[in-house]
Amino acid sequence: MSVIEKLAVISDTITKLMNFVINDENIKPDFEEYLATLSARNADRARIQALIIPYIFERRLTKDRKTILQLFLEKNETTDTEKEILNALSMSFSSVFEIRRVLSNGFELYNLVNEKMYKVLSLVKMNNFRGITPGQYALCRIFPMKDEFYLLEISNVLSSINKEDVYKYAIAKIIEKPEDAYEQNPKKQEQIEKLVEDFGKKFLECFQKDEVITTNIYADNLINMFNVYCDEGIMPEKQDIEDNIKYVENNRYYTVQDFKNSYSDFMEKSLEGFSSHSEIYDIGIIYDKELGLFVLPFYQTLCKIYEVEDYKTIQGYKDCIKSFFENDKVPANIIKRLAQKYANFIERTNKILETSYTLEELLNYYKSDSVEKKIFSSASVLYASKIFEQMMNVVNTKETNKTKEGVDYSHVGRNDKCPCGSGKKYKNCCMPKE
């Protein structure tokens, strides 16, 4: 099969997929609802076609959470070549790329998320990409097939002037889906695995246990102590740790409005930390030896549901359980931890959710992604990310330049946050060293 013939077959298969979404009696209503959420129900054909691509590769339907590709295979007769293409498409991924070279038949792209170069072939004529030049950034979806990568779509292009916004978006992509930072890059995965192992030992040295409970007011301090120990080898004083382990008076679950950050402001909001939130709630700081550091709001409340005799006295108990099971950032390992910790875990969970799952069924239903593959915590992946390090340097430099000059340090306590904006304690930052 020639290159032209191969590209034609791939394009035809993708067209069949699109028509399947538009016409299938079971999928069509869901796609229309998807368009409605994006205010695109009455969009023109070009806009709808652009939205079909992310829908096909990100949507899961039916009780078994099947992908559009799986449903297509079940309902359509396909050739061996089409099956091969569909299998390749199932491995597609979307990321943020820097355009390094424009080729006669594609692009050379540097993936900001997983720090790897890709040479991708275009499925359409290159004159469709007039105006795209080296040095720009693009949000692309690509897929591998027989040792080659193909460009499925370019959904957005930004100039080098927007570099800071692009970096923020790339970091947000890592937080949203941390596995994208290493699944296509074995060297990066090895680096993260080593980091997770080393930091796990330091977490135990720092706190003498792998699970710390406190409130959002004090969580930032404990996380910062751990960061300083990892980065600078400065062990926090035992009294400092104890002073920052506090508990909420009444465990309850509710919606925290401060969690709703956009891509454009999440770096700034993240630097402000949990202590900037208006509400007070409990937080679990947990180190999983396989996956890394997790910071889980309402973790103690979740534990209380299995500890107290009358769990119905805990406000929002059902929503609390559902939030942990339905949140993709909470891996199967955390659920396994709870099942090992509480003998009544399965029985009480089934009673509250009105189900009859075994632990394995529970994990397969709610945590299928983290059961099928190793998904490190986003915090652990960010520790190993070059772009996150660069972005933090930019943000911290801005904050330092903004607040350093003219700052009065005379009323700052040694354990307070340093006014320079670094996020560290004053004693570990600008306090004069004897």
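The rules behind each value
- Residues numbered from 1 in each chain as written.
- Predicted model: local features only at pLDDT ≥ 70, side-chain atom pairs only at ≥ 80, totals over all residues.
- Heavy atoms only, no water.
- Core = buried A, V, L, I, M, F, W, Y, C linked by side-chain atoms within 4.5 Å.
- Buried < 20%, exposed > 50% of the residue type's maximum accessible area, 1.4 Å probe, protein only.
- Phe/Tyr/Trp six-rings, centres within 6.5 Å; stacked < 30°, edge-to-face > 60°.
- Helix = DSSP H or I, 4+ residues; strand = E, 2+ residues; numbered from the N terminus.
- Lys NZ or Arg CZ within 6 Å of the ring centre and 35° of its normal.
- Pairing = 2+ DSSP bridges.
- Axes fitted to C-alpha atoms, helices over the stretch in contact; angles between N-to-C directions.
- Parallel < 35°, antiparallel > 145°, perpendicular 65-115°, else oblique.
- Contact = heavy atoms within 4.5 Å.
- Nonpolar A, V, L, I, M, F, W, Y, C, P; charged D, E, K, R; others polar.
- 1 Å grid on protein atoms, 1.4 Å probe; cavity = no way out; pocket = protein on both sides within 12 Å on 5 of 7 lines; lining within 4 Å.
- Points joined across faces, edges and corners; volume = space filled by probe spheres on them.

Asker: Just checking my understanding: could you explain the nonpolar core for this structure?
Answerer: Within soluble globular proteins, side chains that are nonpolar generally end up buried alongside one another. Judged by nonpolar contacts, the single largest core of 76 residues is most densely connected at Leu112, Ile285, Tyr299, Ile305 and Phe325. Of all hydrophobic cores here, the second largest spans 34 residues; its members include Met18, Phe72, Leu89 and Met145.

Asker: So what exactly am I meant to see when it comes to the packing of aromatic side chains here?
Answerer: Both the distance between ring centres and the angle between the ring planes are used here to describe each pair of aromatic rings. In this structure the tally under the stated criterion is 26 aromatic pairs. Ring centres of phenylalanine 203 and phenylalanine 207 lie 4.8 Å apart, and the angle between their planes is 55°; this geometry places the pair in the tilted category. Placement of the pair is phenylalanine 203 and phenylalanine 207 together in helix H7 (residues 186–207), with a separation of 4 residues, close to one helical turn. Aromatic ring contacts, followed pair by pair, group Tyr306, Phe325, Tyr342, Phe345, Tyr357, Tyr365 and Tyr366 into a single cluster. Its end group placed over the ring of tyrosine 218, lysine 246 keeps NZ or CZ at 5.9 Å from the ring centre.

Asker: Quick question: what am I supposed to make of the pairing of strand E9 (residues 282–288) here?
Answerer: Two faces, one strand: in a regular strand the side chains alternate between the faces of the sheet. Within E9, 7 of the 7 residues are buried, leaving the element largely enclosed by the surrounding structure. A two-sided burial pattern is seen for E9, the buried positions comprising Asp282, Gly284, Ile286 and Asp288 on one face and Ile283, Ile285 and Tyr287 on the other. Taken together, the 5 bridges between strand E8 (residues 211–215) and E9 define a ladder with antiparallel strand orientation. Note on E9: the bridge partner recorded for threonine 214 is isoleucine 283. Bridge analysis of E9 against strand E10 (residues 292–297) gives 6 bridges, and the strand direction is antiparallel. Looking at E10, one finds that glycine 284 is bridged to leucine 296.

Asker: Quick question: what am I supposed to make of the packing of helix H14 (residues 345–353) against helix H15 (residues 359–366) here?
Answerer: The packing of two helices is summarised by the inter-axis angle and the distance between the axes. Following both chains from N to C, one finds H14 and H15 inclined at 55°, their axes separated by 10 Å at the closest point. The angle between H14 and H15 places the two elements in the oblique class. Of the residues in H15, those touching H14 at Phe345, Ile346, Thr349 and Leu353 are Leu359, Leu362 and Tyr366. Considered class by class, the residues forming the contact of H14 with H15 number 6 nonpolar, 1 polar and no charged.

Asker: So what exactly am I meant to see when it comes to the sheet that holds E10 here?
Answerer: Read across the open sheet, the 3 strands follow the order E8-E9-E10; overall the sheet is antiparallel. Of all the strands in the sheet, the pair left with one neighbour each is E8 and E10. The mean inter-strand angle of the sheet, taken between neighbouring strand axes irrespective of direction, is 20°. Strand contacts of helix H8 (residues 216–232): E8, E9 and E10, with the helix running at about 140° to E8, the strand carrying the most contacts. Helix H13 (residues 332–341) rests against E8, E9 and E10 of the sheet, and its axis sits at about 100° to E9.

Asker: When you look at the sheet that holds strand E3 (residues 93–102) in this model, what are you seeing that I'm missing?
Answerer: Each strand in a sheet pairs with another by means of backbone hydrogen bonds, the pair being arranged parallel or else antiparallel. With respect to topology, 5 strands assemble into a closed barrel ordered E3-E4-E5-E7-E6, the strand pairing being mixed. For this sheet the average axis-to-axis angle between neighbouring strands, irrespective of direction, equals 50°. As paired elements, strand E4 (residues 106–111) and strand E5 (residues 116–122) share 6 bridges and run antiparallel to each other. From the neighbouring strand, tyrosine 110 faces E5, where its bridge partner is methionine 117. Along the sheet face, helix H5 (residues 80–89) touches strand E6 (137–145) and strand E7 (148–158) and points at about 135° away from the line of E6. Along the sheet, helix H6 (residues 163–176) contacts E3, E6 and E7; its crossing angle with E3, the most-contacted strand, is approximately 145°.

Asker: Explain the layout of surface pockets here, please?
Answerer: Any space left empty among the atoms is revealed by the rolling of a water-sized probe across them. In this model, the second largest pocket occupies a volume close to 470 Å³. Along the wall of the second largest pocket there are 16 residues; nearest its centre are Met18, Ile53, Val124, Leu152 and Glu153. Every element with two or more residues in the lining of the second largest pocket is listed here: helix H1 (3–23), helix H3 (45–58) and E7. Top element by residues in the lining of the second largest pocket is E7. It accounts for 5 residues. In terms of residue class, the lining of the second largest pocket is built from 10 nonpolar, 5 polar and 1 charged.

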